[in-house]
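Next come the chains, spelled out residue by residue.
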Amino acid sequence: MILDGKALSDRIKAELTAQTTAFTAQTGVTPCLATILVGEDPASAVYVRSKRRSCAKIGYESRHHHLPADTTQADLLQLVHDLNADDAVHGILVQLPLPKSIDADAIIDAIALHKDVDGFHPRSVGHLALKKPGFAPCTPAGIMRLLQESGIELSGKRAVVIGRSAIVGLPAVLMLTHADATVTVAHSRTTRADLEDLVRKADVVVAAVGRPEFVPGAWIKPGAVVIDVGINRVPNPADPDNPRGMLVGDVEFAAAAERASWITPVPGGVGPMTIAMLMTNTLVAARRAAGLVAFGRSGNQPPEPDRRSDGRS
Ligand code: NDP
């Protein structure tokens, strides 16, 4: 079966629209996401546009700052500080990658923790690792929500995460571990033979590598769940003259779909869920700023009572 991230994302955004109307009626506050784009990278511009479109659809304000590629580190830091200090701004998103002349870590470090709706701040990552309250990175959070809403049980299951980036692979490892899966992480130094062995045994495969059809469908264990994070543009054999080509994931979809119980398509799987989680986090940030939500509520989960580590409410 297809894990339809687009449909779930549409549902989440519709719920957020209703919640935002109620929130604004109650508080007079409109949730606001500030986006920062530095330079002219076309893919980044598309991502930011799509995030801003979602804001408009839900009823958030979005304030966009498009800065030239030669923006200095000091000027960008100043903008982040100004947005931190602006009470009307609830979330700050700095679109990555930043130009090489800028120290991206220093910029992310400067974002106020309560406005870190992307969940990339080192303290947000630390909180995630320690199961403490805070914002989790949107892509793995979207994966977890998709699994959860589809009723896929993770406890005791063998999961392999291919890729260990700070924004996808590593937090996915943490979140799957917190969900009681038995998790192995593979990366560029994992041998192809070991990778095949791990994938063949895995009940859940999360592929976040960035290489087209890197995981052969024949490796997928019958009945496994396949989460394909990769977004790779390749020539379209059906339309070879189209310079835009087509998008494929990191998994050989058709062959994997023959064997998997659940699989995410590319596009239409993880991508839309990432934006849905960003939108969720923005409303949570606004509600927290208005004093309506205790800091203990995770932004990426559907509402539920906060739980103690022993599992009791
Ligand atoms: P990175 O390039 O930051 O990380 C890629 C990871 O893949 C690294 O950890 C790398 O290992 C690992 N890797 C590279 N080669 C191999 C190999 N031969 N075997 C096993 N692992 C390997 O990418 P991201 O994590 O940012 O993104 C991954 C993919 O997901 C990309 O296609 C990206 O476009 C997509 N993406 C999609 C999103 C969505 O919303 N759907 C959001 C974010 C990303 P090492 O650490 O050793 O270098």
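Before reading on, note that the structure itself is shown above.
Below is a short write-up of the structure. (Residues numbered from 1 in each chain as written. Predicted model: local features only at pLDDT ≥ 70, side-chain atom pairs only at ≥ 80, totals over all residues. Heavy atoms only, no water.)

A word on helix H3 (residues 73–85). Taking 1.5 Å per residue, 13 residues should reach 18 Å; H3 reaches 18 Å between its end C-alpha atoms and fits that length. What H3 keeps buried is the set Leu-76, Leu-79, Val-80, Leu-83 and Asn-84. Taken end-on, H3 shows its buried residues confined to a sector of 140 degrees, consistent with a single buried face. For H3, the exposed residues lying more than 90 degrees away from the buried face are Ala-74, Asp-75 and Ala-85. Contacts from the buried residues of H3 go to strand E1 (32–38), strand E2 (61–67), strand E3 (91–94) and helix H4 (104–110). (Helix = DSSP H or I, 4+ residues; strand = E, 2+ residues; numbered from the N terminus. Expected span 1.5 Å × (residues − 1). Buried < 20%, exposed > 50% of the residue type's maximum accessible area, 1.4 Å probe, protein only. Arc of directions from axis to C-beta. Contact = heavy atoms within 4.5 Å.)

Further remarks concern the site of the ligand. Taken together, 21 residues lie near the ligand, and Arg-164, Ser-165, His-187, Ser-188 and Thr-274 sit nearest. In the model, an oxygen atom of the ligand is placed 2.5 Å from a nitrogen or oxygen of the Ser-165 side chain. In isolation the ligand exposes 920 Å². Once the protein is present, 72% of that is buried. With respect to the detected pockets, the ligand is housed in the largest pocket. With three residues, helix H10 (residues 270–289) is the largest single contributor of residues to the shell around the ligand. When its residues are assigned to classes, the shell around the ligand shows nine nonpolar, ten polar and two charged. (Near = heavy atom within 4 Å. Polar contact = N/O pair within 3.5 Å; in protein donor to acceptor, adjacent residues only side chain to side chain. Areas by Shrake-Rupley, 256 points an atom, 1.4 Å probe, with all protein chains shown as cover. 1 Å grid on protein atoms, 1.4 Å probe; cavity = no way out; pocket = protein on both sides within 12 Å on 5 of 7 lines; lining within 4 Å. Sits in = over half its atoms within 2 Å of the grid points. Nonpolar A, V, L, I, M, F, W, Y, C, P; charged D, E, K, R; others polar.)

Take the pattern of salt bridges next. Going through the model one piece at a time under the given rule, you end up with nine salt bridges. One salt bridge in this structure joins Asp-10 and Lys-6, with 2.8 Å as the shortest N-O distance. Of this pair, Asp-10 and Lys-6 both sit in helix H1 (residues 5–27), four residues apart, which is roughly one turn of that helix. With its nearest N and O atoms 2.7 Å apart, the salt bridge here joins Lys-221 to Asp-203. Residue Lys-221 is found in the loop between strand E6 (204–207) and strand E7 (225–228), and its partner Asp-203 is found in the loop between helix H8 (192–201) and E6; the two are separated by 18 residues along the sequence. The network of salt bridges with shared partners includes Arg-11, Glu-15, Arg-145 and Glu-149. (Salt bridge = Lys/Arg side-chain N within 4 Å of Asp/Glu carboxyl O.)

Below, the discussion takes up the layout of surface pockets. Rolling a probe over the atoms, with the probe sized like a water molecule, indicates the empty space that remains. In this model, the largest pocket occupies a volume close to 1,600 Å³. Taken together, 50 residues line the largest pocket, and the ones lying closest to its centre are Tyr-47, Ile-231, Gly-271, Thr-274 and Ile-275. Elements that contribute at least two residues to the lining of the largest pocket include exactly H1, helix H2 (42–58), E3, helix H6 (138–149), strand E8 (232–234) and H10. Sorting elements by how many residues they give to the lining of the largest pocket places H2 first, with ten residues. Its residues assigned to classes, the lining of the largest pocket shows 23 nonpolar, 14 polar and 13 charged. (Points joined across faces, edges and corners; volume = space filled by probe spheres on them.)

Coordinates in, geometry out; function isn't part of it.
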